[in-house]
Amino acid sequence: MDMDEVLRRAFLYDFYGELLTAHQREVYEAVVQNDLSYSEAAEEFGVSRQGVHDLVKRCEKSLEQYELKLHLVERFLTIRAKVQRIQDLASHCEEIDREAFAGQVAELSGQILEEL
(Lines give C-alpha, C1' and ligand atoms only; values in the text may rest on other atoms or scores of the structure.)
Protein backbone atom coordinates (compact mmCIF):
# COMPACT_ATOMS: atom_id res chain seq x y z
CA MET A 1 0.00 0.00 0.00
CA ASP A 2 1.49 3.34 -1.00
CA MET A 3 1.56 6.49 1.13
CA ASP A 4 -1.33 8.11 -0.75
CA GLU A 5 -3.57 5.14 0.04
CA VAL A 6 -2.53 5.18 3.71
CA LEU A 7 -3.28 8.91 3.86
CA ARG A 8 -6.64 8.44 2.12
CA ARG A 9 -7.65 5.73 4.60
CA ALA A 10 -6.68 8.00 7.47
CA PHE A 11 -8.71 10.91 6.11
CA LEU A 12 -11.73 8.72 5.44
CA TYR A 13 -11.61 7.37 8.98
CA ASP A 14 -11.05 10.84 10.47
CA PHE A 15 -14.08 12.22 8.66
CA TYR A 16 -16.46 9.28 8.78
CA GLY A 17 -15.20 6.90 11.47
CA GLU A 18 -17.79 8.04 13.98
CA LEU A 19 -20.48 6.74 11.64
CA LEU A 20 -19.24 3.18 12.19
CA THR A 21 -20.44 1.17 15.17
CA ALA A 22 -18.25 1.06 18.28
CA HIS A 23 -17.25 -2.55 17.50
CA GLN A 24 -16.40 -1.69 13.89
CA ARG A 25 -14.26 1.24 15.07
CA GLU A 26 -12.40 -0.92 17.58
CA VAL A 27 -11.56 -3.65 15.07
CA TYR A 28 -10.77 -1.21 12.25
CA GLU A 29 -8.45 0.83 14.49
CA ALA A 30 -6.72 -2.32 15.73
CA VAL A 31 -6.00 -3.53 12.21
CA VAL A 32 -5.53 -0.33 10.22
CA GLN A 33 -4.18 2.17 12.72
CA ASN A 34 -2.43 -0.10 15.21
CA ASP A 35 -1.18 -2.50 12.52
CA LEU A 36 -2.42 -5.70 14.15
CA SER A 37 -2.60 -8.68 11.83
CA TYR A 38 -6.00 -10.19 11.15
CA SER A 39 -4.97 -13.15 13.31
CA GLU A 40 -3.91 -10.94 16.21
CA ALA A 41 -7.12 -8.92 16.01
CA ALA A 42 -9.18 -12.11 15.77
CA GLU A 43 -7.60 -13.40 18.96
CA GLU A 44 -8.07 -10.07 20.74
CA PHE A 45 -11.75 -9.77 19.78
CA GLY A 46 -12.65 -13.45 19.99
CA VAL A 47 -13.69 -13.84 16.36
CA SER A 48 -12.27 -15.64 13.35
CA ARG A 49 -9.51 -14.22 11.17
CA GLN A 50 -11.96 -14.24 8.26
CA GLY A 51 -14.48 -12.34 10.40
CA VAL A 52 -11.92 -9.60 11.05
CA HIS A 53 -10.99 -9.46 7.37
CA ASP A 54 -14.64 -9.18 6.32
CA LEU A 55 -15.39 -6.51 8.92
CA VAL A 56 -12.40 -4.37 7.87
CA LYS A 57 -13.42 -4.65 4.21
CA ARG A 58 -17.02 -3.69 5.06
CA CYS A 59 -15.76 -0.70 7.04
CA GLU A 60 -13.58 0.43 4.15
CA LYS A 61 -16.52 0.08 1.77
CA SER A 62 -18.77 2.06 4.13
CA LEU A 63 -16.20 4.83 4.49
CA GLU A 64 -15.80 5.02 0.70
CA GLN A 65 -19.59 5.14 0.26
CA TYR A 66 -19.86 8.03 2.71
CA GLU A 67 -17.21 9.90 0.74
CA LEU A 68 -18.99 9.21 -2.56
CA LYS A 69 -22.14 10.78 -1.14
CA LEU A 70 -20.73 13.61 0.98
CA HIS A 71 -17.35 14.50 -0.60
CA LEU A 72 -16.01 15.88 2.69
CA VAL A 73 -12.46 14.58 2.20
CA GLU A 74 -12.37 15.86 -1.37
CA ARG A 75 -13.56 19.30 -0.28
CA PHE A 76 -11.11 19.38 2.61
CA LEU A 77 -8.16 18.53 0.33
CA THR A 78 -9.24 21.14 -2.23
CA ILE A 79 -9.51 23.84 0.41
CA ARG A 80 -6.20 22.80 1.97
CA ALA A 81 -4.47 23.11 -1.41
CA LYS A 82 -5.91 26.61 -1.91
CA VAL A 83 -4.85 27.72 1.56
CA GLN A 84 -1.37 26.34 0.84
CA ARG A 85 -1.34 28.40 -2.38
CA ILE A 86 -2.27 31.53 -0.39
CA GLN A 87 0.57 30.79 2.03
CA ASP A 88 2.98 30.35 -0.87
CA LEU A 89 1.85 33.66 -2.36
CA ALA A 90 2.24 35.40 1.01
CA SER A 91 5.77 34.07 1.43
CA HIS A 92 6.70 35.54 -1.96
CA CYS A 93 4.59 38.70 -1.84
CA GLU A 94 7.66 40.93 -2.17
CA GLU A 95 8.36 39.33 -5.56
CA ILE A 96 4.81 39.90 -6.87
CA ASP A 97 3.27 43.27 -7.56
CA ARG A 98 0.59 44.34 -5.09
CA GLU A 99 -2.36 44.18 -7.46
CA ALA A 100 -1.47 40.72 -8.75
CA PHE A 101 -1.00 39.46 -5.19
CA ALA A 102 -4.28 40.96 -3.99
CA GLY A 103 -6.12 39.60 -7.03
CA GLN A 104 -4.79 36.08 -6.58
CA VAL A 105 -5.55 36.04 -2.85
CA ALA A 106 -9.05 37.39 -3.47
CA GLU A 107 -9.70 34.76 -6.14
CA LEU A 108 -8.45 31.89 -3.97
CA SER A 109 -10.31 33.08 -0.88
CA GLY A 110 -13.48 33.43 -2.95
CA GLN A 111 -13.09 29.85 -4.15
CA ILE A 112 -12.61 28.68 -0.59
CA LEU A 113 -15.75 30.47 0.54
CA GLU A 114 -17.69 28.81 -2.27
CA GLU A 115 -16.43 25.41 -1.12
CA LEU A 116 -17.66 26.08 2.40
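Use the structure listed above.
Residues numbered from 1 in each chain as written. Predicted model: local features only at pLDDT ≥ 70, side-chain atom pairs only at ≥ 80, totals over all residues. Heavy atoms only, no water.

Another aspect to go through is a negative patch on the surface. Judged by side-chain charge, E26, D35, E40, E43 and E44 come together as a negatively charged surface patch. For the negative patch, the element with the highest residue contribution is helix α3 (residues 38-45), accounting for three residues. Here D35 shows up in the loop between α2 (22-33) and α3. (Patch = residues over 30% accessible without salt bridge, like charges linked within 9 Å, V, L, I, M, F, W, Y side chains within 5 Å. Areas by Shrake-Rupley, 256 points an atom, 1.4 Å probe, with all protein chains shown as cover. Salt bridge = Lys/Arg side-chain N within 4 Å of Asp/Glu carboxyl O. Lys, Arg positive; Asp, Glu negative; His and termini not counted. Charge placed at Lys NZ, Arg CZ, Asp CG, Glu CD. Helix = DSSP H or I, 4+ residues; strand = E, 2+ residues; numbered from the N terminus.)

Nonpolar side chains collect at one region of the surface, where F15, L70, L72, F76 and L77 lie side by side and expose about 380 Å² of accessible area between them. The element best represented in the nonpolar patch is helix α5 (residues 72-91), accounting for three residues. Within the element layout of this structure, L77 appears in helix α5.

Right, let's get into the nonpolar core. Counting 16 residues, the largest nonpolar core has Y28, V52, V56 and L63 as the members making the most contacts within it. Those elements that provide at least two residues to this core are α1 (3-16), α2, α3 and α4 (49-70). The leading source of residues in this core is α4, at five residues. Among residues more than four places away in sequence, those in contact with L63 are L12, Y13, Y16, G17, L20 and Y28. (Core = buried A, V, L, I, M, F, W, Y, C linked by side-chain atoms within 4.5 Å. Buried < 20%, exposed > 50% of the residue type's maximum accessible area, 1.4 Å probe, protein only. Contact = heavy atoms within 4.5 Å.)

Tallying each qualifying case throughout the model produces five aromatic pairs. Judged by centre distance (5.5 Å) and plane angle (55°), the rings of F15 and F76 are tilted. Remark: F76 occurs in helix α5 and F15 occurs in helix α1; sequence separation between them is 61 residues. Residue classification places F76 among the partly exposed positions, given a relative accessible area of 32%. (Phe/Tyr/Trp six-rings, centres within 6.5 Å; stacked < 30°, edge-to-face > 60°.)

The subject of this paragraph is the packing of α3 against α4. When two helices pack together, their arrangement is given by the angle between the helix axes and the distance between those axes. With their axes 8 Å apart at the nearest point, α3 and α4 run at an angle of 105° to one another. Our classification of the angle between α3 and α4 gives roughly perpendicular. Contact residues: Y38, S39, A41 and A42 in α3; R49, V52, H53, V56 and K57 in α4. Split into classes, the residues belonging to the contact of α3 with α4 amount to five nonpolar, two polar and two charged. (Axes fitted to C-alpha atoms, helices over the stretch in contact; angles between N-to-C directions. Parallel < 35°, antiparallel > 145°, perpendicular 65-115°, else oblique. Nonpolar A, V, L, I, M, F, W, Y, C, P; charged D, E, K, R; others polar.)

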